[in-house]
Amino acid sequence: MPHSTKPSIALVLGGGAPNATLMAGALVALAEAGVEFDIISASGAGAIVGLLYAAPRQNDGLAALARLADMGVSDPLYQLLPINFKVFNKPGPLADAWRTWQEHNPFLQAIRQQAGDGPAQRLLADWTQLMLAAFCPSDLNHASQGLCAHVPFIEQVVDFAKLQERPGEFYLNAYNISHGEMRCWDKREITHEHFLAALSFPFIYPPYKLEDGYYIEGAAIDTLNFKRLFELHPRIDYTIVFDVLGSDKLLHPPRGLYDAWVQSIIAPLTSIARDDLRLFEALHNKDDSGRPRTEVLKINFDAHISREGHREELDWSYSNLSRLYHAGYQSGQDACRRYARQLGLEAPLQLTA
């Protein structure tokens, strides 16, 4: 890629949920400071963040990212039942029909729209959704390939046709288990179905079938999608990395059975994410002549998360997702100050703390 006055900037969005709101907050801070990305590469839950920014259905990507905490469950309910019934839905045709009925019920939609008006309204909306989830029929059985239906809400918030028209490049990875190979789709290929394939984390979601085979989440194998990115773009001036999984601070003694199950998932992913970044920096960030392919700019999310906050970082409560969003926003502002020269920011000291 030839060098120009304006540096080329790539954004790498790694896997991670529910701490994806860390990425959302940091991305809003960078965008507000005027940072523009020539390339966005996403894995796993990073795809939600990237797509909300690049192709929001309501034409305001930053507002959509700021509302990502609405995926969280009202705190009083989450304390009683620490499961996100908004994101993890029952599988089966009858369950799909049940959700379609809810989407077309004006009374239920009115209750949901009031959820952002305050804690009491959020509690009412989430309690209603919990009751509907409890009564939802399901065909889950011992032969099922995953616990949940694939993420049902993405087309309500993302316009995949708009993604094709966006300037710059956008990549999304997924692993084809039928052929044993990683795939990386560009913005001209990505549809609703590719997104579902890219978020089919094993056991939670069943593998997703596309024309060339069954797929699972790319972040389960390659959390940061560096390899394909630099095969397609041998030289990028600066690469900003949002890695919310590669921190040892995510690991802690479980607070209960559900937290122990979450820890069983996150422990190997933490190691994979950490190794992916180290291997890239040590071995793969060199071209044939030995020059660096890019300068890696890392976001320090840990600096704005307390020790207790790390213990709760993978909780789906509304307060946690909101807290992580603000921590991510502060981390993004820190990055704007630290990397002002590389990012071409003229007045970094004017950013609010």
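Our structure's up above, just so we're on the same page.
Report follows, based on the coordinates. Nothing here was measured: the structure is a model prediction, and the numbers come from that model.

**Regarding the overall build of the protein**
Logical step 1: For the protein, the count of helices and strands is 15 helices and eight strands.
Logical step 2: Its C-alpha atoms give the protein a radius of gyration of 20 Å, near enough to 20 Å, the size a compact globule of 353 residues would have.
Logical step 3: A principal-axis box enclosing the C-alpha atoms of the protein has dimensions of 60 × 50 × 45 Å.
Logical step 4: Residues classed as buried in the protein amount to 53% of the 353 residues present.
Logical step 5: Pairs at least 24 apart in sequence give 72% of the contacts found in the protein among residues at least 6 apart.
Logical step 6: When the accessible surface of the protein is summed, it comes to about 16,600 Å², and 56% of that surface belongs to carbon and sulfur atoms.
Logical step 7: With 31 positive and 41 negative side-chain charges, the protein shows a spacing of 3 Å between the two charge centroids.

**Details of the nonpolar core**
Logical step 1: In terms of nonpolar packing, the biggest core is built from 86 residues, with Phe37, Phe195, Ile240, Phe242 and Leu343 touching the most fellow members.
Logical step 2: When residues of this core are assigned to their parent elements, the largest contribution, nine residues, is made by helix 1 (residues 20–32).
Logical step 3: Among residues more than four places away in sequence, those in contact with phenylalanine 37 are Ile9, Leu11, Leu27, Leu30, Tyr53, Arg166 and Ile240.
Logical step 4: Ranked by size, the runner-up nonpolar core spans 14 residues in total, among them Ile39, Tyr171, Cys184 and Phe226.

**A closer look at empty space enclosed by the protein**
Logical step 1: All told, the structure shown has two cavities of 30 Å³ or more when counted by the stated rule.
Logical step 2: Computed from the structure, the largest cavity encloses a volume of approximately 490 Å³.
Logical step 3: Its residues assigned to classes, the lining of the largest cavity shows 26 nonpolar, three polar and one charged.
Logical step 4: In this structure, the second largest cavity is lined by Leu108, Ile111, Arg112, Ala125, Thr128, Gln129 and Leu132.
Logical step 5: Those elements that provide at least two residues to the lining of the second largest cavity are helix 6 (106–113) and helix 7 (119–135).
Logical step 6: With four residues, the top contributor of residues to the lining of the second largest cavity is helix 7.

**Concerning the packing of aromatic side chains**
Logical step 1: Taken as a whole and assessed by the stated rule, the structure comprises nine aromatic pairs.
Logical step 2: In this structure an aromatic cluster arises from ring pairing among Phe88, Tyr205 and Trp316.
Logical step 3: Above the plane of the ring of tyrosine 318 lies arginine 122, whose end atom (NZ or CZ) is 3.5 Å from the centre.

**A few points about the packing of helix 5 (residues 93–103) against helix 6**
Logical step 1: Two elements in contact, helix 5 and helix 6, have axes separated by 6 Å at closest approach and are oriented at 75 degrees. As summarised for this structure, helix 5 and helix 6 are arranged roughly perpendicular, according to the angle between their axes. Only Leu108, Gln109 and Arg112 of helix 6 make contact with helix 5, whose side of the interface consists of Trp101, Gln102 and Glu103.

**Thoughts on the layout of surface pockets**
Logical step 1: Of the voids in this model, the largest pocket is the one considered here, and its volume is about 1,600 Å³.
Logical step 2: Of all elements in the fold, only helix 2 (46–54), helix 5, helix 6, helix 7, helix 8 (154–157) and helix 12 (257–284) reach the threshold of two or more residues within the lining of the largest pocket.
Logical step 3: The element that contributes the greatest number of residues to the lining of the largest pocket is helix 7, accounting for eight residues.
Logical step 4: Looking at the lining of the largest pocket, its residues break down into 28 nonpolar, nine polar and nine charged.

**Quick notes on the pattern of salt bridges**
Logical step 1: Tallied over the full model, the rule gives 18 salt bridges.
Logical step 2: Across the pair arginine 183 and glutamate 189 runs a salt bridge whose closest N-O atoms are separated by 4.0 Å.
Logical step 3: Given the relative accessible area of 33%, glutamate 189 is considered partly exposed.
Logical step 4: The partner of aspartate 259 in a salt bridge is arginine 255, with the nearest N and O atoms 3.3 Å apart.
Logical step 5: The network of salt bridges with shared partners includes Glu169, Asp186 and Arg188.

**Focus: the state of the cysteines**
Logical step 1: Taken as a whole and judged by the stated rule, the model has zero disulfides.
Logical step 2: Cysteine 136 carries a free sulfur, and the closest cysteine sulfur to it, the one in cysteine 148, is 11 Å from it.

**Considerations on the packing of helix 6 against helix 7**
Logical step 1: Contact geometry for helix 6 and helix 7: axes closest at 8 Å, N-to-C directions at 135 degrees. Classed by the angle they form, the pair helix 6 and helix 7 counts as oblique. The two elements helix 6 and helix 7 meet at a crossing, and its hand is left-handed. Where helix 6 abuts helix 7, its residues Leu108, Ile111 and Arg112 lie against Leu124, Ala125, Thr128, Gln129 and Leu132.

**A closer look at the pairing of strand 3 (residues 169–176)**
Logical step 1: Burial runs high along strand 3: six of the eight residues are buried.
Logical step 2: Pairing of strand 2 (residues 39–42) with strand 3 involves four bridges; the strand directions are parallel. Residue pairing across strands places serine 41 opposite tyrosine 171, the latter belonging to strand 3.
Logical step 3: Here strand 3 runs beside strand 4 (residues 181–186); their pairing, made up of six bridges, is antiparallel.

Rules used throughout
Note that residues are indexed from 1 along each chain, following the sequence as it is written. For a predicted model such as this one, the threshold for reporting local features is a pLDDT of at least 70, and the threshold for listing and counting side-chain atom pairs is 80 or more; totals across whole chains, interfaces and linings nevertheless cover every residue. Side-chain measures here rest on the full set of heavy atoms in the structure, leaving out hydrogens and waters. Counting from the N terminus, the helices are the DSSP runs of H or I reaching at least four residues and the strands are the DSSP runs of E reaching at least two. Radius of gyration: over C-alpha atoms. The globule rule applied is 2.2 Å multiplied by the number of residues raised to the 0.38 power. Three labels apply to residues, based on accessible area from a 1.4 Å probe with only protein chains included: buried if under 20% of the type maximum, exposed if over 50%, partly exposed otherwise in between. We call two residues in contact when some of their heavy atoms are within 4.5 Å. Per-residue and other accessible areas follow the Shrake-Rupley method at a 1.4 Å probe size, with only the shown protein chains counted as cover for residues. Residues scored as charged are limited to Lys and Arg (positive) and Asp and Glu (negative), so that His and the chain ends carry no count. Taken as the charge centre is NZ of Lys, CZ of Arg, CG of Asp or CD of Glu, depending on the residue. Buried Ala, Val, Leu, Ile, Met, Phe, Trp, Tyr and Cys residues that are joined via side-chain atoms within 4.5 Å together make up what is termed a nonpolar core. Throughout, the protein atoms alone are placed on a 1 Å grid, and a set of points is a cavity if a 1.4 Å probe fits but cannot get out or a pocket if it is open with protein on both sides within 12 Å along at least five of seven lines; lining residues have an atom within 4 Å of a point. Grid points are joined across faces, edges and corners, and a volume is the space filled by probe spheres set on the points. Polar here means any residue other than Ala, Val, Leu, Ile, Met, Phe, Trp, Tyr, Cys and Pro, which are nonpolar, and Asp, Glu, Lys and Arg, which are charged; Gly is therefore polar. Here the aromatic set is Phe, Tyr and Trp, taking the six-membered ring for Trp, and pairing holds for ring centres within 6.5 Å; pairs whose planes are under 30 degrees apart are stacked, those over 60 apart are edge-to-face, and all others are tilted. Cation placement over rings: the criterion is NZ of Lys or CZ of Arg within 6 Å of the ring centroid and within 35° of the ring normal. To get an axis, fit a line to the C-alpha atoms, keeping to the stretch in contact for a helix; angles then go from 0 to 180 degrees between the N-to-C directions. Note that the term roughly parallel is reserved for angles under 35 degrees, roughly antiparallel for angles over 145, roughly perpendicular for angles of 65 to 115, and oblique for everything else. Should a side-chain nitrogen of Lys or Arg be within 4 Å of a carboxyl oxygen of Asp or Glu, the pair is scored as a salt bridge. Cysteine sulfur atoms that pair up within 2.5 Å are treated as a disulfide. Handedness of each helix crossing follows the sense of rotation of the near helix against the far helix: counterclockwise by less than a right angle gives left-handed, clockwise gives right-handed. DSSP bridges decide pairing: two strands pair if at least two such bridges lie between them.

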